[in-house]
Amino acid sequence: MKNRFAFQPRYFFFWLVFFELCRGLFLGYQYKATAQLSVAEVLGSMGHGLRLDASAAAYVCLIPFLLFVIGSLLPRFQLQRLITGYSAVIGIVLAVLVTADLELYRVWGFRLDDTPIQYLNSPQEMAASAGSAPIGLLLVLLLGLLGAGTYLYKVVIGRLVPLPAWFGRGRAALASLLYAALLVVPLRGGTQQIPVNQSDVYFSSIAFANHAALNAPWNMISALVLRAAEQPIKPFMPDSTARRLVAGLYPLAVGTPAPPDSSALVLSEPRPNVLFIILESFTSKFVGSVGGEKGVTPNLDSLARTGILFNNIFAAGDRSQKGLVSLLSGYPNQPTTSIIKFPRKTERLPHLCQSLASVGYSSHYYYGGELAFANMRSYLQAGGYQKFTERNDFAAADQNSKWGAHDGVLFDRILGDLSKQPQPFFVTAFTLSSHEPFEVPMKPHFSGTSEVEQFRNSVYYTDYTLGKFLREAKKQPWYAHTLLVLVADHGHQQPGNSANQSPNKFQIPLLLAGGALRPEARGRVISALGSQTDVAATLLHQLQLPAQHFVWSRNLLAQHNPPFVYYCFNNGFGAVSPQGTITFDNVGSHIMDRDPGTPNSQLKLGQAMEQVSMEDFARK
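Presented here is an overview of the structure given in this document. Quick caveat, the model's predicted, so the values are computed rather than measured. (Residues numbered from 1 in each chain as written. Predicted model: local features only at pLDDT ≥ 70, side-chain atom pairs only at ≥ 80, totals over all residues. Heavy atoms only, no water.)

**Overview of the packing of aromatic side chains**
The test is simple: Ring geometry is summarised as follows: Phe, Tyr and Trp rings, the Trp one being its six-membered ring, pair when their centres sit within 6.5 Å, and such pairs are stacked at plane angles under 30 degrees, edge-to-face over 60 and tilted between the two. Where helices and strands are cited, they refer to DSSP runs of H or I of at least four residues and of E of at least two residues respectively, numbered from the N terminus. For each residue, the accessible area found with a 1.4 Å probe, counting protein chains only, is set against the maximum for its type, and the residue is called buried under 20%, exposed over 50%, and partly exposed in between. Placement of a charge over a ring requires the Lys NZ or Arg CZ to be within 6 Å of the ring centre, with the centre-to-atom vector within 35 degrees of the ring normal.
Applying the stated criterion across every chain, the model contains 34 aromatic pairs. With a centroid separation of 6.2 Å and an interplanar angle of 70 degrees, the aromatic rings of Tyr 11 and Trp 15 are classed as edge-to-face. Here the residue Tyr 11 and the residue Trp 15 both occupy positions in helix 1 (residues 7–29), the gap between them amounting to 4 residues, near one helical turn. Classification of Trp 15 as buried rests on a relative accessible area of 1%. Feature note: the residues Phe 7, Tyr 11, Phe 14, Trp 15, Phe 18, Phe 19, Phe 68 and Tyr 153 constitute an aromatic cluster, connected by ring pairs. Across the ring face of Phe 26, the terminal group of Arg 111 is positioned such that the distance to the ring centre comes to 3.8 Å. If you follow Lys 345 out to its NZ or CZ, it ends over the ring of Phe 617, 4.6 Å from the centre.

**What about the pairing of strand 10 (residues 565–569)?**
Stated formally: Paired strands, in this sense, are two strands between which DSSP finds at least two bridges.
Of all 5 residues in strand 10, 5 are buried, a share of seventy percent or more. Burial along strand 10 is two-sided: Val 565, Tyr 567 and Phe 569 and Tyr 566 and Cys 568, pointing in opposite directions, are all buried. Between strand 10 and strand 11 (residues 572–577), which pair antiparallel in sequence order, lie 2 residues; one of them, Asn 571, sits at a positive phi of approximately 55 degrees.

**Structural notes on the pattern of salt bridges**
Pairing between side chains of opposite charge can happen when the charged atoms of each approach one another. Our working rule: Salt bridges are defined by distance alone: a side-chain nitrogen of Lys or Arg within 4 Å of a carboxyl oxygen of Asp or Glu.
Tallied over the entire structure, the rule returns 15 salt bridges. Of the charged contacts, one joins Arg 23 and Asp 53 as a salt bridge, the two residues approaching to 2.5 Å between their closest N and O atoms. With Arg 23 in helix 1 and Asp 53 in helix 3 (residues 39–73), this pair connects stretches of sequence that are 30 residues apart. For Arg 23, a relative accessible area of 3% puts it in the buried group. Here Lys 620 and Asp 616 are joined by a salt bridge, their closest N and O atoms 3.7 Å apart. Of the two residues, Lys 620 and Asp 616, neither departs from the other in class, the shared state being buried.

**Some thoughts on unusual backbone geometry**
Omega for the bond connecting Gln 423 with Pro 424 falls within 30 degrees of zero, at -5 degrees, which places this linkage in the cis form. One can find Pro 424 in the loop between helix 17 (407–418) and strand 5 (425–430). With an omega dihedral of -5 degrees, the bond running from Gln 494 to Pro 495 counts as a cis peptide bond. With respect to the secondary-structure elements, Pro 495 resides in the loop between strand 6 (482–488) and helix 19 (503–506). Located in the positive-phi region is Gln 544, a residue other than glycine, with phi close to 55 degrees.

**With respect to helix 7 (residues 169–182)**
This is how the line gets drawn: Multiply 1.5 Å by the residue count of a helix minus one, and that product is the helix's expected span. This arc describes the spread of directions from the helix axis toward the C-beta atoms.
End to end, helix 7 covers 20 Å across 14 residues, agreeing with the expected 20 Å (1.5 Å per residue, within 8%). For helix 7, the complete set of buried residues consists of Ala 172, Ala 173, Ser 176 and Ala 180. Down the axis of helix 7, the buried set is contained in an arc of 95 degrees. They therefore lie on one face. Those residues of helix 7 that are exposed and aimed more than 90 degrees away from the buried face are Arg 171, Leu 174 and Leu 178.

Here's what the structure looks like:
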């Protein structure tokens, strides 16, 4: 006889096995793609997918586990019947979703999400899309899955054993409640700081292996939740007008030819190493070389005197994950969401790593924190990085920050690895010490305990570790053949407590430096307006690589770029030109701030940028 108090663990285990069975069915149905995987990659899909399977199983178990608590208290409660009925309904729904996903993936190339919901209002299109599907085969597979699930249910779970007479109902309810509380762990995907998401199961450079690791029903619910949180932007103008305005800024984004690029090359060799350092929250307000406070970033300011400094650059958004996509894919931000939340969309973005890999660059991505944060791993995995170093790759003693490993530890690891990195390399490093709560492992350089002083000290610490790293790097043979790209992921409201929409909050430094710069290029200061999204095209032009897929990115060293920058904040945008800045609130449909002399045409151009870029986002 099975123990009554083992019923809940058995119930959870059943759904976990059921989802693994579904993954096996998916791999079998996509046998052509599966055949291209190694045994290790197939097993990797099964193993890595367990986290999402466990999360999905925990969600399915929530209601039965709560019913079990009630049934333990009430002797006449029809617990067996309710759980069996619930399991049958949920099992049928899940089997239908899993079976539909088999063919949808074959046709569309991405796992089940909220896309089919878009067809509910157009049944004719739905029927047309399903016209070529092997309905008979899918029905057989559905029935087979239901049959296997039913058999598995009987074997693993079976009938509910009555509560022993000697065991009190209060104690039984407490035990059942404990099992329900424990569901929080698999539901979140573990005890880590960040709840499980698609990034946690992305483990391979092969997209299909990562897709196979996803749990289709979990993926669909996640997409529905994200979609529900989106707030569609009402068009400001006819599409033709918006596209005509955007064509003057980013012609490739609307399918019009781009003007010829005659910018001079500033590199001494065509294929230098590229060390791309993204500096957490490095607002221009703390960088003296671009007009900020003196003495906070002495190493960055010193390096700027021997490099090419861009002192009029704006972040595209206000979050790390948004800045990451803007820098590495040259893609604009969204005012009501972030494209990095949608792996299916980010897989369609261009990526610097992919462009450089096509001409023989090796790659490595370093971050002291968890790459699962905000779906960064899925985005970077799709970008083609060959190796990753993140929080769990550092010794426990080196995880000396709330977020993971501080920047000094990070730079030491990079310095030790670069001598072994195949050249030419594209190595990306993302710092974290200047992120809240601004606690750093050094004696404060600036006095005071306010948040602003803590932030200032954290930026000073990152700059200090950067300077220490660069002094040692210059002694290495690879440095003479390396281009350094240093840029912030976003700005910050401090110091000065800038308003959420203020351009001061979005202004960031950008610096090109390193041994690969030509001597005559050193010491240049570029004051032209530019966006974070323009870094990608600028780098590719200097490497003499095609940039036509980076349609939202411009070469900052070109001579005749229209002086205009667009950035996003929460449900609004800012538009910057030499005439001033204008910011617009989408919710209230009104201008928030406007510098004197800023023309109405600038507002129209900002509205056109938002409208066209959001249409592009929706299509991906």
